[in-house]
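Report on the structure
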Amino acid sequence: MDRKEKVIVIDFGGQYNQLVARRVRECNVYCEIYSYKTDLEQIKAMNPKGIILTGGPNSCYEEGAPTYQEELFSLGIPVLGLCYGAQLMMHVLGGRVEKAPVREYGKIQVSVDSSSPLFDDVSETTVCWMSHNDYISQAALGFRIIAHTADCPVAAAECAKKKLYAIQFHPEVLHTVEGTKMLYNFVRGVCGCAGTWRMDSFVEESVKQIREKVGGGKVLLALSGGVDSSVAAGLLSRAIGKQLTCVFVDHGLLRKDEGDEVEAVFGQDGDFDLNFIRVNAQERYYAKLAGVTEPERKRKIIGEEFIRVFEEEAKKIGAVDFLAQGTIYPDVVESGLGGESAVIKSHHNVGGLPDYVDFKEIIEPLRDLFKDEVRKAGLELGIPEKLVYRQPFPGPGLGIRIIGEVTAEKVRIVQDADAIYREEIAKAGLDRSIGQYFAALTNMRSVGVMGDERTYDYAVALRAVNTVDFMTAESAEVPFEVLQMVMSRIINEVRGVNRVFYDLTSKPPGTIEFE
Ligand code: GLN
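What this report covers is the structure whose coordinates are included nearby. Predicted model, so just to flag it, every value in this text is computed and none were measured. Here the residue numbers are simple positions, counted from 1 along each chain's written sequence. Local features in a predicted model are, by the rule used here, given only for residues with pLDDT of at least 70; side-chain atom pairs are given and counted only at 80 or more, and totals for whole chains, interfaces and linings are based on all residues. Side-chain calculation: all heavy atoms of the structure are included, whereas hydrogens and water are not.

1. Some words on the overall build of the protein
Helix numbering and strand numbering both begin at the N terminus, where a helix is a DSSP run of H or I of at least 4 residues and a strand a DSSP run of E of at least 2. Summing up its helical and strand segments, the protein has 14 helices and 18 strands in all. Our radius of gyration looks at C-alpha atoms and nothing else; its globule reference is 2.2 Å times the residue count to the power 0.38. In terms of C-alpha radius of gyration, the protein reaches 26 Å, essentially the compact-globule figure of 24 Å for 515 residues. Only protein chains enter the accessibility calculation, which uses a 1.4 Å probe; a residue whose area is less than 20% of its type maximum is buried, one above 50% is exposed, and one in between is partly exposed. Split into buried and exposed, the 515 residues of the protein put 56% on the buried side. Accessible area for the protein stands at about 22,500 Å²; split by element, carbon and sulfur atoms hold 48% of it. The protein carries 59 positive and 75 negative side-chain charges, and their two centres are separated by 2 Å. Method for areas: the Shrake-Rupley scheme with a 1.4 Å probe, in which residue coverage is limited to the protein chains shown. When charges are counted, neither His nor the chain ends are considered; positive counts come from Lys and Arg and negative counts from Asp and Glu. The atoms used to mark charge sites are NZ of Lys, CZ of Arg, CG of Asp and CD of Glu.

What follows is the structure, given as structure tokens:
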């Protein structure tokens, strides 16, 4: 793992900033996101092999718009500007940017000049994703135009001598068919990165670092059963074995058999060397949640109760040296500590350190990784695929997939329905292609007929969405036969359900979860 070979993304508030960094890492080059307010000296000190400027909502020619000093473009470090970043590069270097007579949005045919190293091996006309109101009406002196569209005379420009590249479209978005190739051409070709960022070496190096940091100390980790904390557990176990204690709180709001699956992997009979404590707190949770219907209140109770249970266990263990957390890079960025994007959510893992456990230091071994990298690290560590490719799951678990009051009976219904849904999606080979899918239990009961008898039972809602970044989502087109099969199995196999709905709502206006 070579973090010395690093590309820096300078964030101007674009929606896709994390995507840019992820795509670069897919090219096996380590990449970090920094705000455009980051000092030039700090950037120089990092000695990056390349710099990428992201898109952004502003118009670079307006007073007070985010900018960067001209010197950035004469450090001898290759720079690639994307959309706002491209416009800004031109603006700062003396080109002209103004409101476009025709704004472009969506998939657009772009003609490229494949003699540019940026477009090496790219087709001469290629579909790219555009999203802009402004345009570069005149490239800066010394630049050559290397792409255009019907409405956009400067869709890309280069100053090969100074290794400066500007692209009006978004290569980081998958709708740009050859976008990954373009980013690859930039980081591996123009910047000359060798591509040494790989997950096997990440594991090896992290193990070494953890050992150095922890020494003979004790580490405590709250294991939720989710991907991040499971991979953190695997990594810490590999590094320090029994110096690690994992506390797994089963709050009774996990998916079907999930508690046992986690225990099978990390418990006594599992493959990992660590101390594993499972707390069966189901009854305690159901008692606390009885009669509560308000979603925020439910979330709060579930969160607080988790802390109480964890605290009680921690007290039994006594003082530890380190508290480990499964924080990952998007948590850091979204908390406003990385890039420039508005604080989307203050993540519980970042910033707000728990003060209820007696520990000296916090340790976050996955802090630099994106989710797909966490998964790869998990597989490297020998964590079963089933766990590593687990569907995203909210912290409050099924508690917020049961609309209204949570009871043991309703948990059973939604667990069984969801298990059937996941099974059929996997059988149809859709489990890796649909972003997220799950079953929820509505608080509606309706009349039906089964075996000639009247029923008055619950309705289950099926949801499946595709999302690039979880900020927006569209309902996924699950084949009708699959939905029918799921419906029929749920009605036949899950007692208490006589109706199944499919949720078509996109986000916005809906959220992915129901509460
Ligand atoms: N705000 C600029 C424009 O409208 C840049 C847009 C972007 O970066 N996506 O052209």
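2. Considering the pairing of strand 10 (residues 219-223)
Among the five residues that make up strand 10, four are buried, leaving the element largely enclosed by the rest of the structure. Pairing of strand 10 with strand 11 (residues 244-250) involves five bridges; the strand directions are parallel. Paired with L221 across the strands is C246, a residue of strand 11. By definition, two strands form a pair when at least two bridges between them are found by DSSP. Across three bridges, strand 10 lies against strand 13 (residues 322-324) in parallel orientation. Bridged to L221 within strand 13 is A324.

3. Re the packing of aromatic side chains
The criterion for an aromatic pair is that two Phe, Tyr or Trp rings (for Trp, the six-membered ring) have centres within 6.5 Å, with stacked assigned to planes under 30 degrees apart, edge-to-face to planes over 60 apart and tilted to the rest. Using the criterion set out here, one finds twelve aromatic pairs in the structure. A centroid spacing of 6.2 Å and a plane angle of 80° characterise the contact between F438 and F514, whose relative ring orientation is edge-to-face. Highlighted residues: F438 in strand 15 (residues 436-450) and F514 in the segment after strand 18 (497-502), separated in sequence by 76 residues. A relative accessible area of 27% means that F514 is categorised as partly exposed. Here the aromatic residues F12, Y36 and Y84 are joined through ring pairs into a cluster of three or more. Charge-over-ring contacts are defined here by two conditions on Lys NZ or Arg CZ: a distance within 6 Å of the ring centre and an angle within 35 degrees of the ring normal. Note that R401 overlies the ring of F438, its terminal NZ or CZ placed 3.8 Å from the centroid. Geometry around Y458 places R445 over its ring, the cationic atom sitting 4.9 Å from the centre.

4. Side note on the pairing of strand 11
Across a regular strand the side chains alternate sides, sitting on one face of the sheet and then on the other. Counting buried residues in strand 11 gives seven out of seven residues, a clear majority hidden from the surface. After leaving strand 10, the chain enters helix 6 (residues 227-240) and then returns to the sheet as strand 11, a path that is right-handed. Whether a crossover is right-handed comes down to one check: with the strands pointing away from the viewer, does the path from the first strand over the helix to the second run clockwise; if it does, it is right-handed. For the crossover from strand 11 across helix 7 (residues 258-266) to strand 12 (residues 275-280), the handedness is right-handed.

5. Observations regarding the pattern of salt bridges
By definition, a salt bridge exists where a carboxyl oxygen of Asp or Glu is found within 4 Å of a side-chain nitrogen of Lys or Arg. Under the counting rule described, the total for this entry stands at 40 salt bridges. R22 serves as the salt-bridge partner of D372, at 3.9 Å between the closest nitrogen and oxygen. Here R22 lies in helix 1 (residues 17-26) and D372 lies in helix 11 (residues 371-380), a separation of 350 residues in the sequence. What makes D372 partly exposed here is its relative accessible area of 24%. Put simply, R489 and E424 hold a salt bridge, and the shortest N to O gap is 2.7 Å. Taken as a pair, R489 in helix 14 (residues 480-493) and E424 in helix 13 (residues 408-427) lie far apart in primary sequence, 65 residues in all. The pair R489 / E424 is uniform in exposure class, with both members buried. Salt bridges here are not isolated pairs; linked through shared partners, they connect R255, E258, E261, K386 and R390.

6. Structural notes on the packing of helix 8 (residues 282-289) against helix 9 (residues 295-317)
The angle between two axes is taken between their N-to-C directions and runs from 0 to 180 degrees, where each axis is a line fitted to C-alpha atoms and a helix contributes only its stretch in contact. Relative orientation of the contacting elements helix 8 and helix 9 amounts to 145°, with a least axis distance of 10 Å. Remark: the crossing between helix 8 and helix 9 carries right-handed chirality. Residue-level contacts link R284, Y285, K288 and L289 of helix 8 to K298, I301, I302, E305, F306, R308, V309 and E312 of helix 9. Considering only residue class, the contact of helix 8 with helix 9 consists of six nonpolar, no polar and six charged. In this scheme the crossing of two helices becomes right-handed for a clockwise turn of the near helix relative to the far one and left-handed for an anticlockwise turn of less than a right angle. By the convention used here, residues are in contact when the closest approach between their heavy atoms is within 4.5 Å. Nonpolar residues are Ala, Val, Leu, Ile, Met, Phe, Trp, Tyr, Cys and Pro. Charged residues are Asp, Glu, Lys and Arg, and all others, Gly as well, are polar.

7. Topic: the environment of V79
Assignment of secondary structure puts V79 in strand 4 (residues 79-82). Discounting chain neighbours no more than four positions away, the residues touching V79 are I51, L53, L72, F73, M89, K163, L164, Y165 and F186.

8. Brief notes about the sheet that holds strand 14 (residues 361-363)
As summarised here, the arrangement of the five strands in space is 12-11-10-13-14, forming an open sheet in which the pairing is parallel. Of all strands in the sheet, those with a lone pairing partner are strand 12 and strand 14, marking the two edges. Taken over all neighbouring pairs, the strand axes of this sheet differ in orientation by 25° on average, direction set aside. Bridge count between strand 13 and strand 14: three bridges; the pairing is parallel. Bridged to A324 within strand 14 is I363.

9. Regarding the site of the ligand
If you check the shell around the ligand, you find G55, G56, P57, N58, C83, Y84, Q87, S131, H132, N133, D134 and H170 and nothing else. Within the backbone of P57, an N or O atom sits 3.4 Å from a nitrogen atom of the ligand. Polar contact is the term for a pair of N or O atoms within 3.5 Å; when the atoms are in protein, one must be able to donate a hydrogen and the other to accept it, and sequence-neighboring residues count only if both atoms are side-chain atoms. In the environment of the ligand, an oxygen atom lies 3.1 Å from a nitrogen or oxygen atom belonging to the backbone of Y84. At the level of elements, helix 3 (84-92) and strand 6 (125-138) are the ones that each hand at least two residues to the shell around the ligand. Looking at which element gives the most residues to the shell around the ligand, the answer is strand 6, with four residues. A per-class count over the shell around the ligand returns three nonpolar, eight polar and one charged. We define proximity as follows: a residue is near a molecule or strand when any one of its heavy atoms falls within 4 Å of that partner.

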